[in-house]
Amino acid sequence: MTKRDLDVIVVGAGFAGIYMVHRMRQAGRSVRAFEAGSGVGGTWFWNRYPGARCDVESMEYSYGFSEELQQDWEWTERYAPQPEILRYINHVADRFDLRDDIQLETKVVSAHFIEATDSGAGGSSNEGSVATSARWHVVTDDGKSWTARFCVMATGCLSSTNTPDIPGLDSFAGELHHTSRWPREGVDFTGKRVGVIGTGSSGVQCIPIIAREAAHLTVFQRTPNFSIPAHNVPLAADVQAEVKKNYQSIRAENRQRAAAFGINWGPAGGLTFDSTPEERADAFESRWRLGGLGFISVFADLLLDKRANDEAAEFVRGKIRAVVDDPEVAALLSPDHVLGCKRVCSDTGYFEAFNRENVELVDVGRDPVECVTPTGVVTGGREFALDCLVMATGFDAMTGALHAIDIRGRGGQTLKDKWSAGPITYLGLGMSGFPNFFTITGPGSPSVLANMVTAIEQHVDWITDCLEFMRTEGHATIEATTRAETEWVEHVNAVADETLYPTCNSWYLGANVPGKPRVFMPHIGFPPYVEKCDEVVAAGYEGFSLSKD
Ligand code: N01
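Here goes a summary of the coordinates provided. (Residues numbered from 1 in each chain as written. Predicted model: local features only at pLDDT ≥ 70, side-chain atom pairs only at ≥ 80, totals over all residues. Heavy atoms only, no water.)

**With respect to the overall build of the chain**
Alright, step 1. Across its full length, the chain carries 16 helices and 20 strands.
Alright, step 2. The C-alpha radius of gyration of the chain comes to 24 Å, within 12% of the 24 Å expected for a compact globule of 549 residues.
Alright, step 3. Taken along the three principal axes of its C-alpha coordinates, the chain extends 75 × 55 × 45 Å.
Alright, step 4. Partitioning the intrachain contacts of the chain with sequence separation of at least 6 by distance along the chain shows that 72% fall at a separation of at least 24. (Helix = DSSP H or I, 4+ residues; strand = E, 2+ residues; numbered from the N terminus. Rg over C-alpha atoms; globule rule 2.2 N^0.38 Å. Contact = heavy atoms within 4.5 Å.)

Right under this line is the structure:
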């Protein structure tokens, strides 16, 4: 019989959820993860659109917790494509025998904290026993209910789909797909008139491939994006062997980097204007040739000093002008916001795609999409006839997946109410009023501004240690104090305000979702964050209150 009263319930079985399950099993705890998808993998399960690939290099975007795992697994490309990452996650689930504790095709509908009661009146759905200590009561969409001492949200930062409320979208009679809910069997674009709305990382990756397959592609662009060529290549055996020889030290070195990755970027850059114009041009050029997200760290002040940023941004605009044949199209593709305040994209042939005869760029920044009809998209008073429409419109990032669940803490307080003016957490890990409730890579932690796998491992390890501490010391609950979370949110904002990050309408700020509070959500800088987490532990979980009942 499946146990219904558990030590730990985990919501989600992507990178975070499956590692959480692994650590809980190692610690001898009963654990169950619920996953909406029909397979493990989280964001890498759902984002199967053509060209989906990681923008962090494969040798870094992988777990470091098992030496055997990192030695055995062979990556085939510098940047792993989605199917390979999904194979890797499945391999991990099998290798560590995690599947028995992961329930697929099951959504968590609600998670309510019920205080400890003497009589057991708080109730428990545990078959054959009644829980009297404080429990999280979790209901799943198969109608079952579960209880657990701890509830861990491994719901991902980029998992809740953002589909804009465009009039008539439901009436579209052709094929309609969102990049983050791509059909397993793929989509055949051959001979079709295709439209793509959105030019973030997902759009930038799928557009060149769709352009090659489709009869005609219309790209509806609201905001142009900076993109650096990935220069993806097959991963040479000697390169892979060299990393594996030094994996431990490479992982340790990465944890000292601001974003916890970047082994190939070379030494950290100095200040932009400490170099001569020629040195700057050389530095930009060499990072351009290296490719990928490392471009943004070529100098240390690109996200601190607008003048420095202008230099780098103008360099990229120059590259766009050099690649794109039509100067008007090149101008339309050239961003005028701060380089990096929206996540920089990493592409293969993105700007080149606009030189194709069958690709048309439409400025929906100037003339917003008016509506979708059964036969196409209307903007600027013109209908663009389409057989297939791809929404590359991104995510309700960081908070969307949590708000999709009815989460209630002490006294029935809902998470939605608590976060009505933006997410409030202590360290992105926990919050007051929600005892024994943890968010892996929650808002207020480095998460999306770091190597996600490293950030996940750090959080899962921290939570595991915390639970062990509670077991040893006989604590029943842990909960952030109101003061600690208030100060932490202020700190996260103060750090962001020293940078150029908050200067544009990014999903980091929630600006892509109408009505979402505009708050900078991730914590900038992995090493100082980890230091703070370690200090909190060393000071006896400072900022948390622990109770024995
Ligand atoms: O989503 P996005 P994404 N009308 O929000 C546009 C990670 N990721 O899925 O910029 C017209 O970036 C919107 O326009 P605007 C990565 O962290 C990683 O592409 O808001 N357009 C924008 O162009 C990334 O940053 C990888 O003005 C509308 C686009 O849709 C994050 O996921 C690959 C619109 C959405 O871009 C999100 O990327 C993929 C409307 N009503 C994703 N609404 C890699 O590892 C939205 N848009 C490489």
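Moving on from the model shown.
**Quick notes on helix α9 (residues 306-323)**
Alright, step 1. The end-to-end C-alpha distance of α9, which contains 18 residues, comes to 25 Å, matching closely the 26 Å that a straight helix rising 1.5 Å per residue would cover.
Alright, step 2. Residues A308, N309, A312, A313, F315, V316, R317, K319 and I320 constitute the buried set of α9.
Alright, step 3. Contacts from the buried residues of α9 go to β10 (227-229), α8 (277-290), α10 (327-332) and α11 (350-353).
Alright, step 4. Two or three places before R307, at the opening of α9, D305 has a side-chain oxygen 2.9 Å from that residue's backbone nitrogen. (Expected span 1.5 Å × (residues − 1). Buried < 20%, exposed > 50% of the residue type's maximum accessible area, 1.4 Å probe, protein only. Polar contact = N/O pair within 3.5 Å; in protein donor to acceptor, adjacent residues only side chain to side chain.)

**Here's the deal with the pattern of salt bridges**
Alright, step 1. Applying the stated criterion to the full structure yields 31 salt bridges.
Alright, step 2. Two residues, D94 and R99, come together in a salt bridge whose shortest N-O distance is 2.6 Å.
Alright, step 3. A residue is classified by how much of its surface remains accessible, and R99, at 32% relative accessible area, is partly exposed.
Alright, step 4. With a shortest N-O distance of 2.7 Å, R410 and E115 are connected by a salt bridge. Of this pair, R410 sits in the loop between β17 (406-408) and α13 (415-418) while E115 sits in the loop between β4 (108-114) and β5 (135-140), and the two are 295 residues apart along the sequence.
Alright, step 5. With a relative accessible area of 30%, R410 lands in the partly exposed category.
Alright, step 6. Note on E115: relative accessible area 35%, which makes it partly exposed. (Salt bridge = Lys/Arg side-chain N within 4 Å of Asp/Glu carboxyl O.)

**Quick notes on the environment of T161**
Alright, step 1. With respect to the helices and strands, T161 occurs in the loop between β6 (145-153) and β7 (175-178).
Alright, step 2. Classification of T161 by relative accessible area gives partly exposed; the value is 24%.
Alright, step 3. Considering only alpha carbons, one finds T161 and H178, 17 residues apart in sequence, at a separation of 8.1 Å.
Alright, step 4. In this view, T161 contacts H178, S180, R181, G394, F395 and D396; residues no more than four positions away in its chain are not counted.
Alright, step 5. A polar atom in the side chain of T161 sits 2.7 Å from the side chain of S180.

**Some points on the packing of aromatic side chains**
Alright, step 1. For the coordinates displayed, the defined rule picks out 38 aromatic pairs.
Alright, step 2. Seen in terms of ring centroids, W182 and F189 are 6.2 Å apart; in terms of plane orientation they differ by 40°. Their pairing is tilted. Accessibility classification places W182 together with F189 in one group, the buried group.
Alright, step 3. Plain terms: the ring middles of F284 and F299 are 5.6 Å apart, the flat faces sit at 90° to each other, and that makes the pair edge-to-face. Here F299 lies in the loop between α8 and α9 and F284 lies in helix α8, a separation of 15 residues in the sequence.
Alright, step 4. Owing to a relative accessible area of 3%, F284 belongs among the buried residues under this scheme.
Alright, step 5. In textbook terms, an aromatic cluster arises when at least three aromatic residues are bridged by ring pairs, as seen for F15, Y19, W44, Y61, Y63, F65, W73, W75, Y88 and F96.
Alright, step 6. Against the face of F45 rests R48, its NZ or CZ located 4.6 Å from the ring centre.
Alright, step 7. In this arrangement the basic side chain of R307 is found over the ring face of F273, its NZ or CZ atom lying 4.0 Å from the centre. (Phe/Tyr/Trp six-rings, centres within 6.5 Å; stacked < 30°, edge-to-face > 60°. Lys NZ or Arg CZ within 6 Å of the ring centre and 35° of its normal.)

**A word on the pairing of β6**
Alright, step 1. Most of β6 sits inside the fold, with 7 of its 9 residues counted as buried.
Alright, step 2. As paired strands, strand β1 (residues 5-11) and β6 are joined by 6 bridges and run parallel to one another. Along β6, the bridge assignment pairs V10 with V152.
Alright, step 3. Direction of pairing for β5 relative to β6: antiparallel, over a ladder of 4 bridges. Within β6, the position partnered with H137 by the bridge is T147. (Pairing = 2+ DSSP bridges.)

**Regarding the site of the ligand**
Alright, step 1. Within the structure, the ligand sits among 22 residues, and S202, R222, T223, K342 and R343 are positioned closest to it.
Alright, step 2. The separation between an oxygen atom of the ligand and a polar main-chain atom of D55 is 3.0 Å.
Alright, step 3. Out of a free accessible area of 910 Å², the ligand has 89% covered by protein chains.
Alright, step 4. Here the element with the most residues in the shell around the ligand is helix α5 (residues 201-213); it accounts for 3 residues. (Near = heavy atom within 4 Å. Areas by Shrake-Rupley, 256 points an atom, 1.4 Å probe, with all protein chains shown as cover.)

**Side note on helix α7 (residues 247-255)**
Alright, step 1. Burial in α7 covers these residues: Y247, I250, R251 and N254. End-on, the buried residues of α7 take up no more than an arc of 100°, which puts them together on one face.
Alright, step 2. Looking at the buried side of α7, the elements it contacts are α3 (67-72) and α6 (237-245). (Arc of directions from axis to C-beta.)

**Observations regarding the state of the cysteines**
Here, the word disulfide means a covalent bond between the sulfur atoms of two cysteines.
Alright, step 1. Tallying each qualifying case throughout the model produces 1 disulfide.
Alright, step 2. With its sulfur 1.9 Å from that of its partner, C341 forms a disulfide with C504. Residues C341 and C504 are joined by a disulfide whose S-S torsion is about 125°; by sign, that bridge is right-handed. Taken together, the residues span a long stretch of sequence, with C341 in the loop between α10 and β11 (345-347) and C504 in the loop between α15 (482-497) and α16 (526-538) at a distance of 163 residues.
Alright, step 3. Since its relative accessible area comes to 8%, C504 is described here as buried.
Alright, step 4. Take C151: it sits in no disulfide, and the sulfur closest to it among the cysteines is that of C466, at 14 Å. (Disulfide = S-S within 2.5 Å.)

**Quick look at the sheet that holds strand β15 (residues 382-385)**
Alright, step 1. Pairing within the open sheet is antiparallel, and its 3 strands lie in the order β13-β14-β15. At either end of the open sheet lies a strand with only one pairing partner, and these are β13 (369-373) and β15. For this sheet the average axis-to-axis angle between neighbouring strands, irrespective of direction, equals 25°.
Alright, step 2. Taken together, the 4 bridges between β13 and strand β14 (residues 376-379) define a ladder with antiparallel strand orientation. Counted as the bridge partner of V369 is T379 from β14. (Axes fitted to C-alpha atoms, helices over the stretch in contact; angles between N-to-C directions.)

**Overview of the nonpolar core**
Alright, step 1. Judged by nonpolar contacts, the single largest core of 135 residues is most densely connected at F15 and W462.
Alright, step 2. Per-element tally for this core: the top contributor is helix α14 (residues 452-473), with 10 residues.
Alright, step 3. If sequence neighbours within four positions are ignored, F15 has contacts with W44, Y61, Y63, I85, Y88, I89, V453 and I456.
Alright, step 4. Of all hydrophobic cores here, the second largest spans 22 residues; its members include I9, A134, W146 and F437. (Core = buried A, V, L, I, M, F, W, Y, C linked by side-chain atoms within 4.5 Å.)

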